[in-house]
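What follows is the residue order along each chain.
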Amino acid sequence: MSGGVEWALHCCVVLTVSSRPVPAARLAELHDVSSSYLAKQLQSLARAGLIHSVQGKSGGYALTRAPESITLLDVVRAVDGPGPAFVCTEIRQRGPLATPANACTRACPVARAMWTAEEAWREALAAVTIADLARDVGTDSGPEALPAVRTWLTGASDH
């Protein structure tokens, strides 16, 4: 999974507390990350329909739907694509003791285990929403954490 997924998830959580679009530069400043790299993640989220861009002086990004309806899997797919995390390359058919292709009638134990793990991983990601993360921020960092972010975003936008 790319680092962009983490950045995108944090931005989605931040967008839950903003009453107006948040410029990409503000999101980058808040997280102290590269604005150009973050812009790519935001564009991926927008292409997937999870956020939308508002143009103009008070423009920026906003969630397109309720945070309860956006899952972590939605964000992972938006940023990293829908493809599998594990791709079997049939390494057992290589090298000096290669297994002949016609003897490989089923996936090897490595591939089967990885596919099972990936299925469980995707199910776990699909079970957690952006709203769940926002709630957990309040639990872990205190009830003032996200309101402080909202205040910072508002104050930073007025300068």
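A quick note: this is a predicted structure, and the numbers were derived from the prediction, not measured. (Residues numbered from 1 in each chain as written. Predicted model: local features only at pLDDT ≥ 70, side-chain atom pairs only at ≥ 80, totals over all residues. Heavy atoms only, no water.)

Student: I would appreciate a short explanation of a nonpolar patch on the surface in the present structure.
Tutor: A cluster of nonpolar side chains, namely Val 110, Met 114 and Trp 115, defines an oily patch on the protein surface of about 290 Å² accessible area. By relative accessible area, Met 114 is classed as partly exposed at 37%. (Patch = residues over 30% accessible without salt bridge, like charges linked within 9 Å, V, L, I, M, F, W, Y side chains within 5 Å. Areas by Shrake-Rupley, 256 points an atom, 1.4 Å probe, with all protein chains shown as cover. Salt bridge = Lys/Arg side-chain N within 4 Å of Asp/Glu carboxyl O. Buried < 20%, exposed > 50% of the residue type's maximum accessible area, 1.4 Å probe, protein only.)

Student: I would appreciate a short explanation of the pattern of salt bridges in the present structure.
Tutor: If charged atoms from side chains of opposite charge come close, those side chains can pair. Here the structure, examined in full by the defined rule, presents six salt bridges. For Asp 74, the salt bridge is made with Arg 65, and the minimal N-O distance between the two is 3.2 Å. With a closest N to O distance of 3.0 Å, Glu 118 and Arg 122 form a salt bridge. Of the two residues, Glu 118 and Arg 122 both sit in helix α5 (residues 109-126), four residues apart, roughly one turn of that helix. Across the pair, exposure class does not vary: Glu 118 and Arg 122 are buried alike. Connected via shared salt-bridge partners are Asp 132, Arg 135 and Asp 136. (Helix = DSSP H or I, 4+ residues; strand = E, 2+ residues; numbered from the N terminus.)

Student: Sorry if this is basic, but what is going on with the environment of Ala 85 here?
Tutor: By secondary structure assignment, the location of Ala 85 is in the loop between α4 (72-80) and α5. C-alpha separation for the pair Ala 85 and Lys 57, spaced 28 residues apart in sequence, amounts to 39 Å.

Student: Help me understand the pairing of strand β2 (residues 60-63) in this model?
Tutor: For a regular strand, side-chain orientation follows a simple rule: the groups alternate between the two sheet faces. Side-chain alternation along β2 places Gly 60 and Ala 62 on one buried face and Tyr 61 and Leu 63 on a second face that is also buried. The pairing of strand β1 (residues 51-54) with β2 spans four bridges and is antiparallel. Opposite Ser 53, over in β2, you have Tyr 61 as the bridge partner. Between β1 and β2, which pair antiparallel and follow one another directly, the connecting turn spans five residues, one of which, Gly 56, has a positive phi of 105°. (Pairing = 2+ DSSP bridges.)

Student: Even after reading the chapter, I still don't get the confidence of the model for the protein chain, so can you show me in this structure?
Tutor: Should pLDDT be low for a region, the predicted coordinates there are not to be read in detail. Per-residue confidence for the protein chain gives a mean pLDDT of 92; residues scoring 70 or more make up 97%. Mean pLDDT values over the elements of the protein chain span from 84, in helix α7 (residues 145-157), up to 97, in α4. (pLDDT = per-residue confidence, 0-100.)

Student: Could you clarify how one ought to interpret the state of the cysteines in this entry?
Tutor: Every disulfide links exactly two cysteines, by a covalent bond between their sulfur atoms. In this structure the tally under the stated criterion is zero disulfides. Cysteine Cys 11 shares no disulfide, and the gap to the nearest cysteine sulfur, in Cys 12, comes to 7.2 Å. Cys 11 gets classed as buried once you look at its relative accessible area, which sits at 1%. (Disulfide = S-S within 2.5 Å.)

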